[in-house]
Amino acid sequence: MLSSAHRHRAYTSAQQAVAMAGVQEARDGDVHGSRGPHLQPRSAARVLVFPLPFQGHIDPMLHLAGVLHSRGLAVTVLHTRFNALDPARYPEFQFVAVADGTPADVVATGRIIDIILAMNAAMEASSAVEEALASAVLADESHSSSHPRAACLFIDANLLAVHMAARKIGLPTLVLRTGSAACFGCFLAYPMLHDKGYLPPRESEVCTPVPELPPLRVKDLVYSKHSDHELVRRVLARASETVRGCSGLVINTFEALEAAEIGRLRDELAADDLPVILAAGPLHKLSSNNSSRSSLLAPDRSCIEWLDAQRSRSVLYVSFGSMAAMDWSEFLEVAWGLAESGHPFLWVVRPNQVRGCDGGDSVRRRLPDGVEDAVKAGRGMVVRWAPQQEVLGHRAVGGFWSHCGWNSTLEAISEGVPMICRPDAVDQMMNTRVNFYLRAMASEGSSYENQYFNLTPLLDNLMATMPDDPTYNMAASTVSTIPSTNVGDGYNFGNVHYKKCVIL
């Protein structure tokens, strides 16, 4: 559990971000020096939030909204029509739909980089975002008692078009980085990484250390073999521009977890005179909003009843996130690894998880007999989507096989659940590497890499002695209290506690 002291510090940090926007507006008239026509000085009691419409970005933004709302601030959520949110799930917030104009043919590709660029281009070519923001501010002005004025707008770093629209009307923006501090440090360093020849990566140099970004190696950098590298560069450059031009940066992390990375970011961004750079996470532990409320897929809650019937710390939870994908051959290896392991498992097989397959339902119908036998025997369960926060907090879960996205990483760390990591793209390789250092494992699991039929010894090492192993209990306790611990030096903690964690 997070300590009450850390919970208060994070609440205060998020509130300080709003207060800072109001203070600077009152002092300067406008954060950017050219006050818009719609804003007049008055006490700030409302915030606007605008998430990037993908699951891993929606969840932390709405968690932040929940934190701010719990501190007495009114919240208005602006959202795209693409992956639109359901206002009925959040009666405490007001919602404003924004015509994002993302072309249907681009959406149909499912390529995130292309969608982000097309969405921003459409927004920049239209007045829809500016009109939506101005309308919200004008409504605030005309209903001051029941609808307090907006102090600022929280946006995702990937929404440069929204930042530009807010700037036109003089509305201060703050950026919520939904990834790690290390990840954003890599974003800022992307030009340097190209200039020094680290990127694009060469096969012969993938294990070369990157001394400018310790403890990363070339293969840990933000990169995807499935995306056009030049498009990735454009997206990261635009995200960096958004942050450098905003009023403050809030990162979903905490000082004890990424002290060194946060320090480097503050040094890097000092020249941009950002008044606020806050590590205010883990937001999912600080907000009363459960991620299931913002889920784009309906979670199958029957898995909780199934977990209730399992022994403590006996179940391997397997989920590769909302976007990560794999080939059919790799999917089959995962399936056979679970079937042959002998350990209870809860496996999320979502739509579009397997490249070239129509959807999760068709994939589940093609599962090997060994998996079906395990399910029929009660040793395994396969679901389309799961309430992950609740699953990881369940007493029956003893391990997590993950793509190592940042939300999943924070959720596992917060519950003290050891991880097996199978990164796919973007920041997941970096998160895997940082996990290795944070958890001080004896081996990075290289002998098991891409050999899922050998999952049995891996899981035996991870879980076999749970829940009676005092080393594991110490590990869970240590990770669950990390936020309230005065760590000091980045990675140098918990050295004896994570012998049970193995990374693929």
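Residues numbered from 1 in each chain as written. Predicted model: local features only at pLDDT ≥ 70, side-chain atom pairs only at ≥ 80, totals over all residues. Heavy atoms only, no water.

Asks: Break down the packing of aromatic side chains for me, citing the residues and quoting the values.
Replies: Inspection of every chain in the model, using the stated rule, returns eight aromatic pairs. For the pair Y317 and F400, a centre-to-centre distance of 5.1 Å together with 20° between the ring planes defines the contact as stacked. Of this pair, Y317 sits in strand β8 (residues 315-319) while F400 sits in strand β11 (residues 397-402), placing them 83 residues apart in sequence. The buried category is assigned to Y317, whose relative accessible area is 1%. Taken together, the ring pairs in this structure connect Y90, F93 and F95 into an aromatic cluster. Taking NZ or CZ as reference, R422 lies 5.7 Å from the ring centre of F320, over its face. (Phe/Tyr/Trp six-rings, centres within 6.5 Å; stacked < 30°, edge-to-face > 60°. Helix = DSSP H or I, 4+ residues; strand = E, 2+ residues; numbered from the N terminus. Buried < 20%, exposed > 50% of the residue type's maximum accessible area, 1.4 Å probe, protein only. Lys NZ or Arg CZ within 6 Å of the ring centre and 35° of its normal.)

Asks: Residues and numbers for the pairing of β8, please.
Replies: Where burial is concerned, most of β8 is hidden: five out of the five residues are buried. Taking every second residue as pointing to the same face, both faces of β8 are buried, with V315, Y317 and S319 on one and L316 and V318 on the other. Across five bridges, the pairing between β8 and β11 is parallel. Residue V315 lies in a different strand from β11, and its bridge partner there is V397. Two elements, β8 and strand β9 (residues 345-348), share three bridges in a ladder whose sense is parallel. Bridging across to β9, Y317 finds its partner in L346. (Pairing = 2+ DSSP bridges.)

Asks: Would you mind going over the environment of T432 in detail, with residue names and values included?
Replies: Here T432 lies in helix α17 (residues 428-438). T432 sits 27 residues away from G405 along the chain, and the two C-alpha atoms are 8.7 Å apart. In terms of polar contacts, T432 uses its side chain to reach the backbone carbonyl oxygen of Q428, at 2.9 Å. (Polar contact = N/O pair within 3.5 Å; in protein donor to acceptor, adjacent residues only side chain to side chain.)

Asks: A description of helix α14 (residues 369-376) should follow, citing residues and the corresponding values.
Replies: When we look at burial in α14, the residues that qualify are G370, V371 and A374. Along the axis of α14, the buried residues cluster in a sector spanning 100°; they form a single face. Among the exposed residues of α14, those oriented more than 90 degrees off its buried face are D369 and K376. Those residues of α14 that are buried are in contact with α12 (328-341), β9 and β10 (380-383). G378 lies just past α14 and shows a positive phi near 85°. (Arc of directions from axis to C-beta. Contact = heavy atoms within 4.5 Å.)

All we've got here are geometric facts, nothing functional implied.
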